[in-house]
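Structural overview for review
Take a look at the letters that make up each chain.
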Amino acid sequence: MDHDFRMLIDGELTPGVSQFDVVNPATGAAFAQCPKADEALLDRAVAAAKRAQPGWAATPVETRAALVNQLADALEARIGEFASLLTSEQGKPLDQAGYEIMGSVFTLRAFAAMRVEPKVLKDEGGNRVVEHRTPLGVVASITPWNFPVILLMNKLGPALVTGNCMVAKPAPTTPLTTLLFGELAQAILPPGVLNIVCDQNELGALITGHPDIAKVAFTGSTATGKKVMASSAGTVKRVTLELGGNDAAIVLDDVDARQVAQKVYQGAMTNAGQICIAIKRAYVPAPMYDEFCDELAKLANAAIVDDGSKQGTTIGPIQNQMQFDKVKALIDDARTRGTVLAGGDALDRPGYFMPPTIVRDLDDDAPLVREEQFGPVLPVLKYDDIDDVIARANDSDYGLGGTVWGKDLARATDVAMRIDSGTVWVNQHMAIDANIPFRGVKQSGLGAELGEAGLLEYTQAHIVNAIALEDA
Ligand code: NAD
């Protein structure tokens, strides 16, 4: 493609010090060039954000919110172009790319409608104590490659509404939609309010150690999240970490196996399983285990695995070679321990295509069960006893999401209460809403994103405790 992608620094569309290839995962071939920043360009971006921030914070919140709404309108007006570019760089089917862009529009609008009001903590005997919420300053957004657009909006919306300025760094394999968004933002936001820099994994440590960045809002793997936390310590930065997961689906014994298998399949395979809250292991009661596994296999065999830009594709490629190799290794290992019922063999064509894969008869200690596969493969595990299966589901360093499926809603909700995760959905999956906070427990994260709690993460409490001077 011949679009000249540029970074956004201090209100100017800026070329890099060099360029690197962006690969379409459906072909395995480069289709565009991405500009690359060095430390000096990063410093320019941070300095621009720092310069712009006092003026942005002093801008009335209604004006800031109106500009966030303008960003949403501009994005919506070009939804087709964004969705198509997202499919080219990320691989997801075009309709799913469209949902991500529309979700991004809704997220920006939801944050534009939120306000943080001062809270009176005490008002007695002339002593008035008020908690104000003030912006942090310069916030960095670091995003992964599975949902490059909406995960940025989850951070940009609250950061801008509360008066912060931002330096955003997309993942090296999916930087282009963020850069295209930068072109929209250049025409809407004052210079320096949003800056975008790109890298090939070199800038992360410089961002997390930067003295002029007050907070890092990070979404990515638990391994990188630990590095972010460690290197943010030097400047006592605020961090929010949205990290990996290994979400269990617990199917209760009163459901129709066929009906729930369809829902579990969708929860595991949407975006080719590359979702932090994808269903990554399914626990099914012994009496319905065979039927459930067979139904999942049937659905997997019916999938249309192809280039996401082709009409009718239900599963696109895995996003990059490294992730493809990881998923393939987990499947190859699982084959020696259990039974691959459907899929399992990469498509013999260019690109990173792995068909939806269903594996049964694995032990809980198989790597495919214990690790985050982040790809289109689902291990299905058998259980006899509900207390035992809850313990098995909780026996993980992760605690991001999870689902419980049951006809008896009260019983299913009780089980959900016992799952040690930030969010547990009952009889639905991935019901993410910009007004509902989302967070991981254990090694799945720190702090909240979305909702009022997510908004407050971009502020600090500023208490003013005042009393009148007595007469001299
Ligand atoms: P990753 O951790 O490899 O990369 C994420 C981002 O961190 C990229 O922009 C990368 O360039 C940057 N980075 C690399 N090294 C860094 C460093 N030392 N310091 C700071 N930043 C650095 O993750 P990924 O492979 O792109 O994404 C997949 C992971 O993201 C999965 O584990 C998935 O579960 C997780 N994820 C979590 C959520 C959530 O909300 N909890 C959402 C989506 C994805």
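Scroll up to find the structure this text is about.
About the cut-offs
- Residues numbered from 1 in each chain as written.
- Predicted model: local features only at pLDDT ≥ 70, side-chain atom pairs only at ≥ 80, totals over all residues.
- Heavy atoms only, no water.
- Helix = DSSP H or I, 4+ residues; strand = E, 2+ residues; numbered from the N terminus.
- Rg over C-alpha atoms; globule rule 2.2 N^0.38 Å.
- Buried < 20%, exposed > 50% of the residue type's maximum accessible area, 1.4 Å probe, protein only.
- Polar contact = N/O pair within 3.5 Å; in protein donor to acceptor, adjacent residues only side chain to side chain.
- Contact = heavy atoms within 4.5 Å.
- 1 Å grid on protein atoms, 1.4 Å probe; cavity = no way out; pocket = protein on both sides within 12 Å on 5 of 7 lines; lining within 4 Å.
- Points joined across faces, edges and corners; volume = space filled by probe spheres on them.
- Nonpolar A, V, L, I, M, F, W, Y, C, P; charged D, E, K, R; others polar.
- Near = heavy atom within 4 Å.
- Areas by Shrake-Rupley, 256 points an atom, 1.4 Å probe, with all protein chains shown as cover.
- Phe/Tyr/Trp six-rings, centres within 6.5 Å; stacked < 30°, edge-to-face > 60°.
- Core = buried A, V, L, I, M, F, W, Y, C linked by side-chain atoms within 4.5 Å.
- Pairing = 2+ DSSP bridges.
- Axes fitted to C-alpha atoms, helices over the stretch in contact; angles between N-to-C directions.

**Brief notes about the overall build of the protein**
Across its full length, the protein holds 15 helices and 20 strands. For the protein, whose C-alpha radius of gyration is 23 Å, the value lies close to the compact-globule estimate of 23 Å for 472 residues. For the protein, the spread of C-alpha atoms along the principal axes amounts to about 85 × 60 × 40 Å. Taking all 472 residues of the protein together, 56% fall into the buried category.

**Thoughts on the side chain of Ser 396**
Mapped onto the secondary structure, Ser 396 falls in the loop between α13 (386-394) and β17 (403-405). Overall, Ser 396 belongs to the buried group, its relative accessible area being 10%. Among the polar contacts made by the side chain of Ser 396, one reaches the main-chain amide nitrogen of Tyr 398 at a distance of 3.0 Å. Sequence-distant contacts of Ser 396, that is, excluding residues within four places in its chain, are made with Asn 246, Arg 281, Arg 370 and Lys 442.

**What about the layout of surface pockets?**
If you add up the space inside the second largest pocket, you get close to 250 Å³. What lines the second largest pocket is a set of 16 residues, and nearest its centre among them are Val 61, Arg 64, Val 116, Arg 133 and Thr 162. Of all the elements in the fold, those that place two or more residues in the lining of the second largest pocket are α2 (61-77) and β6 (127-135). The dominant element in the lining of the second largest pocket, judged by the number of residues it contributes, is β6, at four residues. For the lining of the second largest pocket, a count of residues per class yields eight nonpolar, four polar and four charged.

**A look at the side chain of Thr 459**
If you trace the backbone, Thr 459 turns up in strand β20 (residues 459-467). Within polar-contact distance, the side chain of Thr 459 engages the side chain of Arg 133 at 3.2 Å.

**Observations regarding the site of the ligand**
In the vicinity of the ligand lie 28 residues, with Thr 143, Asn 201, Ser 221, Leu 243 and Glu 372 positioned nearest. Lys 169 places a side-chain nitrogen or oxygen 2.9 Å from an oxygen atom of the ligand. Contacts to the ligand include Thr 224, whose side-chain N or O atom sits 2.8 Å from an oxygen atom. Protein contacts shield 89% of the accessible area of the ligand, which totals 860 Å² for the unbound molecule. When contributions to the shell around the ligand are tallied by element, the ones reaching two or more residues are α7 (204-208), β10 (215-219) and α8 (222-232). When residues of the shell around the ligand are assigned to their parent elements, the largest contribution, three residues, is made by α8. For the shell around the ligand, the class distribution of residues is 15 nonpolar, nine polar and four charged.

**Details of the packing of aromatic side chains**
One pass over the full model with this rule turns up two aromatic pairs. Plain terms: the ring middles of Trp 145 and Phe 374 are 5.3 Å apart, the flat faces sit at 70° to each other, and that makes the pair edge-to-face. Residue Trp 145 is found in the loop between β7 (138-142) and α5 (150-161), and its partner Phe 374 is found in the loop between α12 (367-370) and β16 (377-383); the two are separated by 229 residues along the sequence. You'll find Trp 145 and Phe 374 in the same group, each marked buried. Residues Phe 324 and Tyr 352 carry aromatic rings whose centres are separated by 6.3 Å and whose planes lie at 45° to one another, so their mutual orientation is tilted. With Phe 324 in helix α11 (residues 321-335) and Tyr 352 in the loop between β14 (339-342) and β15 (357-360), this residue pair connects regions lying 28 residues apart in the sequence. We note that Phe 324, like Tyr 352, is buried.

**With respect to the nonpolar core**
In this structure, Leu 71, Leu 176, Phe 181, Leu 189, Leu 194, Val 197 and Val 216 are the most contacted members of the largest nonpolar core, which totals 88 residues. Those residues in contact with Leu 189 that sit more than four places away from it in its chain are Trp 56, Leu 67, Leu 71, Leu 160 and Leu 194. In this structure, Val 264, Ile 279, Leu 296 and Ile 358 belong to the second largest nonpolar core, which totals 31 residues.

**A word on the sheet that holds strand β5 (residues 119-124)**
Spatially, β5-β6-β20 is the arrangement adopted by the three strands of the open sheet, whose pairing is antiparallel. The open sheet terminates on both sides in strands that have one partner only, identified here as β5 and β20. Averaged over neighbouring strand pairs, the angle between their axes works out to 20° when direction is ignored. Here five bridges tie β5 to β6, and the two strands are oriented antiparallel to one another. Looking across to β6, one finds that Glu 124 is bridged to Asn 127.

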